[in-house]
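Single-letter residue listing:
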Amino acid sequence: MPPVYDLILQRKGELQTETVQVADAAQAWRLGRERYPNCIRGVVRRDSSAAEPSKRR
(Lines give C-alpha, C1' and ligand atoms only; values in the text may rest on other atoms or scores of the structure.)
Protein backbone atom coordinates (compact mmCIF):
# COMPACT_ATOMS: atom_id res chain seq x y z
CA MET A 1 0.00 0.00 0.00
CA PRO A 2 1.42 3.43 -0.91
CA PRO A 3 2.20 5.97 1.80
CA VAL A 4 -0.54 8.33 2.99
CA TYR A 5 -0.16 12.10 2.65
CA ASP A 6 -2.30 15.03 3.71
CA LEU A 7 -2.59 17.88 1.24
CA ILE A 8 -2.83 21.14 3.17
CA LEU A 9 -5.26 23.50 1.45
CA GLN A 10 -6.29 27.06 2.19
CA ARG A 11 -9.85 27.88 1.19
CA LYS A 12 -11.68 31.08 2.12
CA GLY A 13 -9.02 31.82 4.73
CA GLU A 14 -9.29 28.41 6.44
CA LEU A 15 -6.89 25.48 6.35
CA GLN A 16 -8.32 22.13 5.28
CA THR A 17 -6.82 18.73 4.51
CA GLU A 18 -7.33 16.17 1.77
CA THR A 19 -5.87 12.71 2.36
CA VAL A 20 -4.29 10.89 -0.59
CA GLN A 21 -2.29 7.70 -1.13
CA VAL A 22 0.57 8.17 -3.59
CA ALA A 23 4.11 6.86 -4.08
CA ASP A 24 6.01 9.87 -2.69
CA ALA A 25 5.85 13.52 -1.64
CA ALA A 26 6.63 14.78 -5.15
CA GLN A 27 3.64 12.90 -6.52
CA ALA A 28 1.47 14.27 -3.69
CA TRP A 29 2.54 17.82 -4.69
CA ARG A 30 1.75 17.15 -8.36
CA LEU A 31 -1.67 15.78 -7.49
CA GLY A 32 -2.36 18.73 -5.20
CA ARG A 33 -1.36 21.25 -7.87
CA GLU A 34 -3.57 19.46 -10.44
CA ARG A 35 -6.64 19.29 -8.22
CA TYR A 36 -6.20 22.48 -6.21
CA PRO A 37 -3.87 24.81 -8.17
CA ASN A 38 -4.82 27.96 -6.26
CA CYS A 39 -5.10 26.66 -2.72
CA ILE A 40 -2.42 23.96 -2.13
CA ARG A 41 -0.16 25.13 0.70
CA GLY A 42 1.71 22.01 1.81
CA VAL A 43 2.07 18.24 1.92
CA VAL A 44 2.59 16.15 5.05
CA ARG A 45 3.33 12.43 5.16
CA ARG A 46 1.35 10.54 7.75
CA ASP A 47 3.12 8.23 10.13
CA SER A 48 2.43 4.58 9.30
CA SER A 49 1.50 3.97 12.94
CA ALA A 50 -1.16 6.72 12.83
CA ALA A 51 -4.87 6.00 12.73
CA GLU A 52 -6.80 5.48 9.51
CA PRO A 53 -6.72 8.41 7.05
CA SER A 54 -9.37 10.98 7.82
CA LYS A 55 -12.03 12.04 5.40
CA ARG A 56 -12.10 15.48 3.86
CA ARG A 57 -12.72 18.20 6.44
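Attention here is on the structure that accompanies the text. (Residues numbered from 1 in each chain as written. Predicted model: local features only at pLDDT ≥ 70, side-chain atom pairs only at ≥ 80, totals over all residues. Heavy atoms only, no water.)

**Some words on the sheet that holds strand β2 (residues 14–21)**
Sheet strands pair via backbone hydrogen bonds, and the direction of the pair is either parallel or antiparallel. A sheet is described by the order of its strands in space; here three strands give the open sequence β2-β1-β3, paired in antiparallel fashion. The strands lining the two open edges of the sheet, one partner per strand, are β2 and β3 (40–45). Direction aside, the axes of adjacent strands within the sheet are offset by 25° on average. Bridging between strand β1 (residues 4–11) and β2 involves eight bridges; their strand directions are antiparallel. Paired with Gln10 across the two strands is Leu15, which belongs to β2. Packing against the sheet, helix α1 (residues 25–35) makes contact with β1, β2 and β3, and its axis sits at approximately 150° to β3. (Pairing = 2+ DSSP bridges. Helix = DSSP H or I, 4+ residues; strand = E, 2+ residues; numbered from the N terminus. Axes fitted to C-alpha atoms, helices over the stretch in contact; angles between N-to-C directions. Contact = heavy atoms within 4.5 Å.)

**Details of the pattern of salt bridges**
One pass over the full model with this rule turns up two salt bridges. When the shortest N-O distance is used, the salt bridge between Arg46 and Asp6 registers 3.1 Å. Placement of the pair is Arg46 in the segment after β3 and Asp6 in strand β1, with a sequence separation of 40 residues. Among the residues examined, Asp6 registers a relative accessible area of 11% and is labelled buried. (Salt bridge = Lys/Arg side-chain N within 4 Å of Asp/Glu carboxyl O. Buried < 20%, exposed > 50% of the residue type's maximum accessible area, 1.4 Å probe, protein only.)

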